[in-house]
Amino acid sequence: MTENLGTLTVVRELPAAPAEVFRAYVEPEQFVRFWGPVGTSVPLDTVTIEPEVGGRFDSTMVLEATGDRYPVRGRFTAVREGELLEFVEEGVGLTGRIILTDLGDGRTEVRMEQENVPAMYLGPEAEAGHNSSFDRLVEHLAARR
């Protein structure tokens, strides 16, 4: 288990209601359209999302330039439909939390929090990567309208 090296929080406003955002995170066909920064992809056949306490959260991000693969394996520790997804990554101990807040008018604030983050996933580059993924999510949600 990695010691607690830090935390990372990114907050964004999305152009969709919380229920729509929640579905984007738990439906593999939507998830693969935005997960990861620009320059990465997530093959659908690597994704398992079981949105229930104890359910799996697995995916593999592929760096398009090199083909390097970055698997994430975890379990959900809390799930509240339209409000919260929380998981722990196996082997790393990183806790991820996605908190959705209804802003009204078909808008949602999404707050991504991570704890026990290894040093190489902290800092401006990591935040930029998460924001790039959120940009992709905004585009995906807008295209569904």
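One can find the structure itself at the top, above this paragraph.
Residues numbered from 1 in each chain as written. Predicted model: local features only at pLDDT ≥ 70, side-chain atom pairs only at ≥ 80, totals over all residues. Heavy atoms only, no water.

**Points about the pattern of salt bridges**
Then, number 1: Inspection of the entire model under this criterion finds 9 salt bridges.
Then, number 2: Here Glu 83 ties to Arg 80 by a salt bridge, and the two come within 3.2 Å at their closest N and O atoms.
Then, number 3: Overall, Glu 83 belongs to the partly exposed group, its relative accessible area being 41%.
Then, number 4: Arg 97 is the partner of Glu 113 in a salt bridge, and the nearest nitrogen-oxygen pair spans 2.9 Å. Of this pair, Glu 113 sits in strand β8 (residues 107-115) while Arg 97 sits in strand β7 (residues 95-104), and the two are 16 residues apart along the sequence.
Then, number 5: A residue is classified by how much of its surface remains accessible, and Arg 97, at 15% relative accessible area, is buried.
Then, number 6: Several salt bridges share partner residues, and in doing so they unite Glu 86, Arg 97, Arg 111, Glu 113 and Glu 115 into one network. (Salt bridge = Lys/Arg side-chain N within 4 Å of Asp/Glu carboxyl O. Buried < 20%, exposed > 50% of the residue type's maximum accessible area, 1.4 Å probe, protein only. Helix = DSSP H or I, 4+ residues; strand = E, 2+ residues; numbered from the N terminus.)

**Some details on the layout of surface pockets**
Take a probe with the size of a water molecule and roll it over the atoms, and the empty space left behind shows itself.
Then, number 1: In this structure, the largest pocket spans a volume of roughly 890 Å³.
Then, number 2: Broken down by secondary-structure element, the contributors of at least two residues to the lining of the largest pocket are β4 (56-63), β5 (69-80), β6 (84-89), β7, β8 and α3 (124-143).
Then, number 3: By residue number, the principal contributor to the lining of the largest pocket is α3, which donates 6 residues.
Then, number 4: For the lining of the largest pocket, the per-class residue count stands at 21 nonpolar, 7 polar and 5 charged. (1 Å grid on protein atoms, 1.4 Å probe; cavity = no way out; pocket = protein on both sides within 12 Å on 5 of 7 lines; lining within 4 Å. Points joined across faces, edges and corners; volume = space filled by probe spheres on them. Nonpolar A, V, L, I, M, F, W, Y, C, P; charged D, E, K, R; others polar.)

**Quick look at the packing of aromatic side chains**
Then, number 1: Counted according to the given criterion, the structure contains 8 aromatic pairs.
Then, number 2: An angle of 80 degrees between the planes, with centres 6.3 Å apart, marks the rings of Tyr 25 and Trp 35 as edge-to-face. Separated by 10 residues along the polypeptide, Tyr 25 in helix α1 (residues 18-26) and Trp 35 in the loop between α2 (28-31) and β2 (40-41) bring together distant segments of the chain. Summarising the burial analysis for this pair, Tyr 25 and Trp 35 share the class buried. (Phe/Tyr/Trp six-rings, centres within 6.5 Å; stacked < 30°, edge-to-face > 60°.)

**Comments concerning α3**
Then, number 1: Spanning 20 residues, α3 covers 28 Å between terminal C-alpha atoms, matching the ideal 28 Å at 1.5 Å per step.
Then, number 2: Buried within α3 we find Ala 126, Gly 129, Ser 132, Ser 133, Phe 134, Arg 136, Leu 137, His 140 and Leu 141.
Then, number 3: Looking at the packing, one finds that the buried side of α3 touches β1 (7-14), α1, α2, β2 and β8. (Expected span 1.5 Å × (residues − 1). Contact = heavy atoms within 4.5 Å.)

**Some details on empty space enclosed by the protein**
Then, number 1: Following the criterion strictly, the structure yields 1 cavity of 30 Å³ or more and no others.
Then, number 2: Volume-wise, the largest cavity comes out at about 40 Å³.
Then, number 3: Surrounding the largest cavity, Tyr 25, Phe 31, Trp 35, Phe 57, Phe 76, Leu 85, Phe 87 and Ile 98 form its lining.
Then, number 4: Classifying every residue of the lining of the largest cavity gives 8 nonpolar, no polar and no charged.

**Some details on the pairing of β1**
Then, number 1: Along β1, the buried face is formed by Leu 8, Val 10, Arg 12 and Leu 14; none of Thr 7, Thr 9, Val 11 and Glu 13, which line the opposite face, is buried.
Then, number 2: The sheet contact formed by β1 and β8 spans 8 bridges and is antiparallel. When the bridges of β8 are listed, Leu 14 appears paired with Thr 108. (Pairing = 2+ DSSP bridges.)

**A closer look at the nonpolar core**
Then, number 1: In this structure, Tyr 25, Phe 31, Phe 57 and Leu 137 are the most contacted members of the largest nonpolar core, which totals 29 residues.
Then, number 2: Those elements giving two or more residues to this core turn out to be β1, α1, β5, β6, β7, β8 and α3.
Then, number 3: Ranked by residues supplied to this core, first place goes to α1 with 5 residues.
Then, number 4: Once residues lying within four places of it in the same chain are set aside, the contact partners of Phe 57 are Phe 31, Trp 35, Thr 48, Ile 49, Val 72, Arg 73, Gly 74, Phe 76 and Phe 87. (Core = buried A, V, L, I, M, F, W, Y, C linked by side-chain atoms within 4.5 Å.)

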